[in-house]
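# Residue-level structure breakdown
The primary structure of each chain is shown beneath.
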Amino acid sequence: MVKRTKKEFHNYNDFHDRPFGLKWGTAYAMDDLMKGVIANEEYALKNNAAKPRMSREEIDIVLSESFLKRKEVTLQLNIVDEFGRLVDEISGYFSGEAYQDYFVFEDQKIDWLDVRNVSIVDNSKWYKVDMFKSPKEGSLNTEAKLDPELQLEKDNEFYQPFYEEGETHESE
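Definitions and cut-offs
- Residues numbered from 1 in each chain as written.
- Predicted model: local features only at pLDDT ≥ 70, side-chain atom pairs only at ≥ 80, totals over all residues.
- Heavy atoms only, no water.
- Salt bridge = Lys/Arg side-chain N within 4 Å of Asp/Glu carboxyl O.
- Buried < 20%, exposed > 50% of the residue type's maximum accessible area, 1.4 Å probe, protein only.
- Pairing = 2+ DSSP bridges.
- Helix = DSSP H or I, 4+ residues; strand = E, 2+ residues; numbered from the N terminus.
- Axes fitted to C-alpha atoms, helices over the stretch in contact; angles between N-to-C directions.
- Contact = heavy atoms within 4.5 Å.
- Phe/Tyr/Trp six-rings, centres within 6.5 Å; stacked < 30°, edge-to-face > 60°.
- Lys NZ or Arg CZ within 6 Å of the ring centre and 35° of its normal.
- Expected span 1.5 Å × (residues − 1).
- Arc of directions from axis to C-beta.
- Core = buried A, V, L, I, M, F, W, Y, C linked by side-chain atoms within 4.5 Å.

Using the criterion set out here, one finds five salt bridges in the structure. Between lysine 71 and glutamate 65 there is a salt bridge, with its nearest N and O atoms 3.4 Å apart. Residue glutamate 65 is classed as partly exposed on the basis of its relative accessible area, which comes to 28%.

So this is what it looks like as structure tokens:
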């Protein structure tokens, strides 16, 4: 059996290389340092787009639907951080606790005047699509709902019909 000696580092010509017994003691800390640098860079570069401001009645309608149907909502507050950017959106469920000046959302008191936009989160799953549903069952008659002023007009001057095989095309 071979006996190994303890690794010792000695100073050479008054040059003290390492104050510790480990050669690469800081190598593992580089990962944490880089994660922090990347997180700081993402925070510095983020920019939350402002959604349209909603009235108190619109906010009430969305929050009541969220409460009654137990749907998740996102709140965009009209509060800016130290750099003048809008703060991140808050997601969660509304418990129904509302007062004259504020409401409670996810155990947090939020003033009505601080709310910029409220929207219901669409939690429909991608795999819940009915592949065998015929298109006529779920389709609505959209042409009947359209305003007559918004009907599509065919401009006969630029309209070119497609001919079936065997039909002849007479030039005008």
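This next bit is on the sheet that holds strand β4 (residues 108-111). With antiparallel pairing, the five strands of this open sheet are ordered in space as β4-β3-β2-β1-β5. Whereas interior strands pair on both sides, the edge strands pair on one side only; in this sheet they are β4 and β5 (115-120). For this sheet the average axis-to-axis angle between neighbouring strands, irrespective of direction, equals 50°. Of the strand pairs in this sheet, strand β3 (residues 102-105) and β4 are connected by four bridges, and their pairing is antiparallel. The partner of phenylalanine 105 across the bridge, within β4, is glutamine 108. Here helix α2 (residues 56-69) sits on the sheet in contact with β1 (72-77), β2 (90-98), β3 and β5, set at roughly 40° to β5.

Before going further, it helps to spend a moment on the packing of aromatic side chains. For any pair of aromatic rings, geometry is given as the distance between the ring centres together with the angle between the planes. Scanning the model with the defined rule gives five aromatic pairs in all. Seen in terms of ring centroids, phenylalanine 94 and phenylalanine 103 are 5.9 Å apart; in terms of plane orientation they differ by 80°. Their pairing is edge-to-face. The cationic tip of arginine 56 hangs over the ring face of tryptophan 112; the distance from NZ or CZ to the ring centre is 3.9 Å. The ring of tyrosine 93 has arginine 70 sitting right over it, with the charged end atom 4.5 Å from the ring centre.

With that settled, consider unusual backbone geometry. Unlike most non-glycine residues, arginine 70 shows phi in positive territory, near 55°. Position of arginine 70 relative to the elements: it lies in the loop between α2 and β1. Assessed through its relative accessible area of 55%, arginine 70 is described here as exposed. The phi dihedral of aspartate 107 falls on the positive side, at around 60°, and the residue is not glycine. Secondary-structure assignment places aspartate 107 in the loop between β3 and β4.

Turning our attention to α2. An ideal rise of 1.5 Å per residue puts 20 Å on 14 residues; α2 measures up with 20 Å between its terminal C-alpha atoms. Among the residues of α2, those classed as buried are Ile59, Val62, Leu63 and Ser66. For α2, the arc enclosing every buried residue in end-on projection is 95°, short of the 170-degree limit, so these residues lie on one face. Counted as exposed and oriented over 90 degrees from the buried face of α2: Glu57, Ile61, Leu68 and Lys69.

Core analysis: the biggest nonpolar cluster contains 15 residues, and Leu63, Leu75, Phe103, Phe105, Ile110, Val115 and Val118 have the highest contact counts within it. Counting residues per element, the ones that place at least two in this core are α2, β1, β2, β3 and β5. Among residues more than four places away in sequence, those in contact with isoleucine 110 are Leu75, Leu77, Ile90, Tyr102, Phe103, Phe105 and Val115.

Here we take up the pairing of β2. Relative to β2, β1 is paired through four bridges, and the arrangement is antiparallel. By the bridge assignment, leucine 75 is partnered in β2 with isoleucine 90. The sheet contact formed by β2 and β3 spans two bridges and is antiparallel. Considered in β3, the bridge of alanine 98 is made with phenylalanine 103. Count of turn residues in the β2/β3 antiparallel hairpin: three residues.

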